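Notes for the structure review
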Amino acid sequence: SEFATKVRISDADVNDERGAVLEEMRMGRDARGRASEAYWKLLMEGSLYAERLPIGMESVVREGDPEVFRRFYKKWYRPERMAVVVAGDFEDLDAVVVEIEAAFSGCKP
């Protein structure tokens with residue numbers, strides 16, 4: 001639930017993460033990554049998702065203004081745009097619902 005409302009995106013945070021994201025991009029350029037990208041493009045054909053991987057564009061990762069990332073987060077990472085998925089063998093599903101509702105009760109759109 002904290003991810004829905006309490007993410008800190010300071011200038012220092014963004015600058016500290018640039019290298020990690022660039023490394024993740026670099027690691028995704030192997031054969032498995034290229035196959036995965038081709039599959040993604042086929043799966044998402046006809047949508048904007050086919051044109052850009054979720055990790056983003058290298059130029060934005062390298063040079064993006066932290067304020068742009070903050071605005072993006074505030075616009076798109078909102079509780080009303082999120083889904084909660086629970087998987088497992090639960091004895092009491094009602095108790096699971098109660099836990100989820102308690103965890104997200106403070107998340108207001």
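Here the structure is shown first, and the text comes after it.
First, a word on what this report is: a plain description of the structure on this page. Values in this document were obtained by computation on a predicted structure and should not be read as measured data.

Turning to the environment of Ser10, a few remarks are in order. With respect to the element layout, Ser10 can be found in the loop between helix H1 (2–5) and helix H2 (11–27). Sequence spacing of Ser10 and Pro66 is 56 residues, and the spatial spacing of their C-alpha atoms is 7.1 Å. Reaching out from Ser10, the side chain makes a polar contact with the backbone nitrogen of Asp13 at a distance of 3.0 Å.

Time to look at the packing of aromatic side chains. Considering all chains together, one arrives at 2 aromatic pairs under this definition. Relative to Tyr77, the ring of Phe72 has its centre 6.2 Å away and its plane inclined at 55°; by these criteria the two rings are tilted. Classification of Tyr77 as partly exposed rests on a relative accessible area of 35%. Pairing Tyr73 with Tyr77 gives two aromatic rings, centres 5.5 Å apart and planes at 20°, and the pair type is stacked. For Tyr73, a relative accessible area of 11% translates into the label buried. An aromatic cluster of three or more residues is present, and its members are Phe72, Tyr73 and Tyr77.

Reading guide: rules and limits
Residues numbered from 1 in each chain as written. Predicted model: local features only at pLDDT ≥ 70, side-chain atom pairs only at ≥ 80, totals over all residues. Heavy atoms only, no water. Helix = DSSP H or I, 4+ residues; strand = E, 2+ residues; numbered from the N terminus. Polar contact = N/O pair within 3.5 Å; in protein donor to acceptor, adjacent residues only side chain to side chain. Phe/Tyr/Trp six-rings, centres within 6.5 Å; stacked < 30°, edge-to-face > 60°. Buried < 20%, exposed > 50% of the residue type's maximum accessible area, 1.4 Å probe, protein only.

Function cannot be read off these values alone, since they describe shape.
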